[in-house]
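Commentary on secondary and tertiary structure
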Amino acid sequence: MKRSFTHFILRCLLAALPVAGLILAYVVADPFRVIWPADDAIAQWGDSLQVNINQGHVSAMNFMRYNGERHYDSFIMGSSMSQNYKASDWAAHLPAGASIYHFDAWRETLQGISDKLDFLEKQGTTVNNVLIVIEEEMLHRDADVSDFRFMGSPITSPDVGTLDFHWRFFKNCLSMDVIRFFLDPQGHASQAVSQGIVTRDVPSRIPELNESYYAQFDSLIAVSPDAFFTPERLAQREIRAVPTVDGPQMHGPREQQARHLAEQLHRLGAHYIILVPPRYGRPTLCAYDRVVLAEIFGRDHVFDFSDHPTMSTDPRCFYDRDAHLISRCCKQLLDSCYSTSISLHSR
Amino acid sequence: MQFDTYIYALFLPVVFLIYWWLRKRLTWQNAFLLAASYVFYGWWDWRFLGLILITTLTTFFTALPIGGNSRRAVRRGFVAANVVVNLGILATFKYFNFFADALRDLLGALGLHADWPTLNILLPVGISFYTFQAISYTIDVYRGKTKATRQLLPFMTYIAFFPQLVAGPIERADHLMPQLTSPRRFDYGQAVTGMRQILWGLAKKVLIANTMGNYLDTMLYNPLAMNAWTIVLAAILFAIQIYADFSGYSDIAIGSARLLGIELVANFRYPYFSRSMREFWQRWHISLMSWFREYVYIPLGGSRRGKWRTCLNIMVVFALSGLWHGADATFVIWGTVNGLMLLPSVFMSRRETTAHASWRDLPRCLGVFALAAIMFLIFRANNLDHLGQMCHTLVYGNWAALPMGLSAMLYIAPFVVVEWLGRKQEFPLKHLPLPTAVRWLIYWGLSLAILFSSTHDTQQFIYFQF
């Protein structure tokens, strides 16, 4: 029996070779940057092309990697729209010695922010200051489980299993579109960009802050705005003179999530601000949601810029079509928040 | 836990290794098998384990007095109690809302207003399968066909044995219990056959059934917007899908059991190569049809009380079989129409003379397939309205346009050819008369094709809902 059993196991291992080889190749290559530290090899194809990373997972991995030496106590949270609020700009308003970390995730949800705060609490991290960027769209967004690029990280989301998370990335890596691109990146770049596998807007990164920023765009905008805001670029944007107002969203599960989030922030003793940024020509926060947010988080903590008179109507305030505010404007909004009387926590 | 997930691909090897490591201690081996089965089942929802325990313990303890009592009335009483409890659980979880709604509609039609709550409960996976397995044990003990076991552990494993727990094959105690109560020896040939059968089952599920499912989701989403040929093609595709899906599941179940040294009964024998509807039902979902034959059809008199009584018995069996599949009018209609289609065979003599269809039988096989495909279209309908829309398109739709989804034939054609060539074996991969290197290329090719074709969001096996 023993001999035949061993023989059988060997045959099974032999049969599993091609699959095992594929998995090994995937682990070594880590094309979506979810296994090995992302910042070590994030710009695989130079400055012009970068794989669309799962920012939530990269945030969690970088936190685990650098928190030991940097002891973060201040966090910028939110979706990709929180990306351009620079740590250096926020630091000017925080007590000296505050250690800032961008704990963001693309298409972040209120639940995702709450999960991250739970994670920080479990890690025993002191949370002194939190900047939460809640764009209007986040108030009617649930966790996106259908798209692997936006699913929660198993490190911070209790509902996402580690194996399941990595299996999804592995499975998505086996799609013909992805394989074609990885075999010949330049040859299939356009197709891969349109499918969202990679992006041409490659930001610079500061791994220890987990900060992405468009250094090349910012310098171009500063020196010669017209060189960045070309007629072609501006023509892509929908021009709506008056932004519309969306219906109330702060009820049901989202309201519960927001209340839970406020409880967490109070429990942690954190000083926080909720910043609602403008979007170009897009719905602004409706009055009902503004009132509910103020009631939940406190009137002094909520700053609604969604109907900002100039930014929401000026396409030159955005890097792209309508969503991502340029860092100069982000700084302006931050300064506006802190020009009011907020008493900051002092360590 | 589904068979076509990476979790099962990790679960099965771990179970396999520990199971054979415990081979010298039968009790430990069975205890481990039971624990593994409960983990497998609890993966869906651990609360459902309570129902399995109720079914298992009720059946075990009611069978003891049946086997040990000479008074027929007492024995019948315990059988009745067991059947009532088991069917009661099944009825509550599967049929309560169906009958409550039907009664309310009926009273409404009579002008009486009835308003009672329906239960907002999940249908426990596999409840129809293990309930039938439990009932068959009780009745077999009553009939003296099998002895009431006093060993609780093997009996619990008999009810919960994970490869066949959620979608069969529905086992009988006289087949599975002796295997669970005697020491198992690892058999190299049996294990290799098991692996090949798992591979073939996965290929059927992932490459054929799931692909057909994707086509059908589009083709049958709004039948009124389709042309008539699309509905015809949808019937063909669904017939292939449900066969590949369910027989694929059965192959994985039987193959997994073989890895553990246990033989399960066959559930499919190339039903679409049948030469009559009677033969079709002897080759399709064999374990369920034999259950109905043994515990419903024969007790009703079978074919011993004249042809008209035989027809009535057939209709009863098929109506019940339809109802077993689901608490929906479409399933009852499907069962009833299948019964009607079988009635002519009562008045005709059997024509099949050989075990397997030959080339000359192909026209008859095609006829059987066409009838089965029409029947399965009823089965596939989401509800009576959906069925009505399909019929409307077939009657009034456009017959001049080409059907949507013709490219699905690229998958079906090689599958049918392989099945035809392998029809004399239990499954086509069992013995490939090819050089070793070619066989290995086929195994590797299939493994990679399955891996590449399986999406993250796996499509549930169709029969899990029953």
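Rules of the game
Residues numbered from 1 in each chain as written. Chains lettered and ligands numbered in written order. Predicted model: local features only at pLDDT ≥ 70, side-chain atom pairs only at ≥ 80, totals over all residues. Heavy atoms only, no water. Helix = DSSP H or I, 4+ residues; strand = E, 2+ residues; numbered from the N terminus. Rg over C-alpha atoms; globule rule 2.2 N^0.38 Å. Buried < 20%, exposed > 50% of the residue type's maximum accessible area, 1.4 Å probe, protein only. Contact = heavy atoms within 4.5 Å. Areas by Shrake-Rupley, 256 points an atom, 1.4 Å probe, with all protein chains shown as cover. Lys, Arg positive; Asp, Glu negative; His and termini not counted. Charge placed at Lys NZ, Arg CZ, Asp CG, Glu CD. Axes fitted to C-alpha atoms, helices over the stretch in contact; angles between N-to-C directions. Parallel < 35°, antiparallel > 145°, perpendicular 65-115°, else oblique. Left-handed = near helix turned anticlockwise from the far one by under 90°. Nonpolar A, V, L, I, M, F, W, Y, C, P; charged D, E, K, R; others polar. Polar contact = N/O pair within 3.5 Å; in protein donor to acceptor, adjacent residues only side chain to side chain. Salt bridge = Lys/Arg side-chain N within 4 Å of Asp/Glu carboxyl O. Core = buried A, V, L, I, M, F, W, Y, C linked by side-chain atoms within 4.5 Å. pLDDT = per-residue confidence, 0-100. Phe/Tyr/Trp six-rings, centres within 6.5 Å; stacked < 30°, edge-to-face > 60°. Lys NZ or Arg CZ within 6 Å of the ring centre and 35° of its normal. Expected span 1.5 Å × (residues − 1). Pairing = 2+ DSSP bridges.

A short note on the overall build of chain A
Across its full length, chain A carries 14 helices and nine strands. The C-alpha atoms of chain A give a radius of gyration of 22 Å, which matches the 20 Å a tight globule of 347 residues would have. Taking the principal axes of its C-alpha atoms as reference, chain A extends roughly 80 × 50 × 40 Å. Buried residues in chain A amount to 53% of all 347 residues. Long-range pairs, those at least 24 residues apart, make up 75% of the contacts in chain A between residues at least 6 apart in sequence. Accessible surface, chain A as shown: approximately 15200 Å² in total, 56% of it carbon and sulfur. Between the mean site of the 32 positive side-chain charges and the mean site of the 41 negative ones, chain A shows a separation of 6 Å.

What to know about the side chain of Gln83(A)
By the element assignment, Gln83(A) lies in the loop between strand E2 (74–78) and helix H4 (87–91). If near-sequence neighbours (up to four positions away) are discounted, Gln83(A) is found in contact with His102(A), Asp104(A), Trp106(A), Pro203(A), Ser212(A) and Tyr214(A).

Quick word on the packing of helix H3 (residues 49–68) of chain B against helix H6 (residues 152–160) of chain B
Residues and elements named next belong to chain B. The N-to-C vectors of H3 and H6 enclose an angle of 130°; their axes lie 10 Å apart at closest approach. Of the possible angle classes, the one that applies to H3 and H6 is oblique. Crossing geometry of H3 relative to H6 is assigned as right-handed. Here H3 contributes Ile52, Leu53, Thr56, Leu57, Thr59 and Phe60 to the contact with H6, which in turn contributes Leu152, Phe155, Met156 and Ile159. Here the residues of the contact of H3 with H6 are counted per class, giving eight nonpolar, two polar and no charged.

Let's talk about the side chain of Asn54(A)
Residues and elements named next belong to chain A. Examined against the element boundaries, Asn54 turns out to sit in the loop between strand E1 (50–51) and helix H3 (55–70). A relative accessible area of 2% means that Asn54 is categorised as buried. Polar side-chain contacts of Asn54 include one of 3.2 Å to the backbone oxygen of Arg149. Contacts of Asn54, omitting those with residues within four sequence positions, involve Val34, Phe148, Arg149, Phe150, Met151, Phe165 and Phe169.

Brief notes about the interface of chain A and chain B
Taken together, the 22 residues of chain A in the interface contact 23 residues of chain B. The interface formed by chain A and chain B contains zero salt bridges. At the junction of chain A with chain B, the criterion picks out five residue pairs in polar contact (both at pLDDT 80 or more). Listed by contribution, the elements that provide at least two residues to the side of chain A that touches chain B are helix H1 (2–15), helix H2 (17–29), helix H6 (162–173) and helix H7 (176–183) of chain A. Residue contributions to the side of chain A that touches chain B peak at nine residues, all from H1(A). Class assignment for the residues of the side of chain A that touches chain B results in 16 nonpolar, two polar and four charged.

Quick look at the nonpolar core
In terms of nonpolar packing, the biggest core is built from 174 residues, with Tyr272(B) and Phe376(B) touching the most fellow members. When residues in this core are grouped by element, the largest group, 18 residues, is from helix H10 (residues 228–259) of chain B. Leave out the neighbours within four places in its chain, and Phe376(B) touches Phe238(B), Ala239(B), Ile242(B), Tyr272(B), Phe280(B), Trp284(B) and Trp334(B). Core analysis: the second largest hydrophobic core is formed by 35 residues, Phe75(A), Phe103(A), Ile113(A) and Leu261(A) among them.

Digging into the confidence of the model for chain A
Taken residue by residue, chain A gives an average pLDDT of 84. The fraction at 70 or more is 90%. Low confidence marks residues 341–347 of chain A, where pLDDT is under 50. Its contacts with residues over four positions away, or in another chain, come to 19 contacts.

Concerning the packing of aromatic side chains
Residue and element names in this part refer to chain B. By the definition in use, this model includes 82 aromatic pairs over all chains. Geometrically, the ring pair formed by Phe40 and Trp44 is edge-to-face, given 5.7 Å between the ring centres and 85° between the ring planes. Its end group placed over the ring of Trp420, Arg423 keeps NZ or CZ at 3.8 Å from the ring centre.

A closer look at the environment of Ala203(B)
Residue and element names in this part refer to chain B. Secondary-structure assignment places Ala203 in helix H9 (residues 188–219). Residue class for Ala203 comes out buried when judged on its relative accessible area of 4%. In this structure, the C-alpha to C-alpha distance between Ala203 and Gly248, residues 45 residues apart in sequence, is 7.6 Å. Filtering out sequence-adjacent residues up to four positions away, Ala203 remains in contact with Ile208, Leu446 and Ile450.

Quick notes on helix H5 (residues 110–122) of chain A
Residue and element names in this part refer to chain A. Taking 1.5 Å as the rise per residue, H5 with 13 residues should run 18 Å; its terminal C-alpha atoms sit 18 Å apart, in good agreement. Listed in full, the buried residues belonging to H5 are Leu110, Gly112, Ile113, Ser114, Asp115, Lys116, Leu117, Phe119 and Leu120. Gly124 sits one or two positions beyond H5 and adopts a positive phi of about 75°.

Considerations on unusual backbone geometry
Even without being a glycine, His71(A) presents a positive backbone phi close to 45°. The topology assignment puts His71(A) in the loop between H3 and E2.

Brief notes about the sheet that holds strand E9 (residues 302–304) of chain A
Sheet strands line up and pair through hydrogen bonds in the backbone, either parallel or antiparallel. Residue and element names in this part refer to chain A. Taken in spatial order, the five strands line up as E3-E2-E4-E8-E9 in an open sheet, and their pairing is parallel. At either margin of the open sheet sits one strand with a lone partner, and together these are strand E3 (100–102) and E9. Adjacent strand axes in the sheet meet at a mean angle of 15° when their direction is disregarded. Relative to E9, strand E8 (residues 271–276) runs parallel, the two being bridged by three bridges. Residue Val276 lies in a different strand from E9, and its bridge partner there is Asp304. Lying on the sheet, helix H13 (residues 287–297) is in contact with E8 and E9; it crosses E9 at an angle near 160°.

What about the packing of helix H12 (residues 253–268) of chain A against H13(A)?
Residue and element names in this part refer to chain A. One way to put it is that H12 packs onto H13 with a least axis distance of 9 Å and a crossing angle of 30°. Put simply, H12 runs roughly parallel to H13. In the packing of H12 onto H13, the handedness of the crossing is right-handed. For the pair formed by H12 and H13, the contact residues are Glu255, Ala258, Arg259, Leu261, Ala262 and Leu265 on the first element and Val292, Glu295, Ile296 and Phe297 on the second. Its residues assigned to classes, the contact of H12 with H13 comprises seven nonpolar, no polar and three charged.

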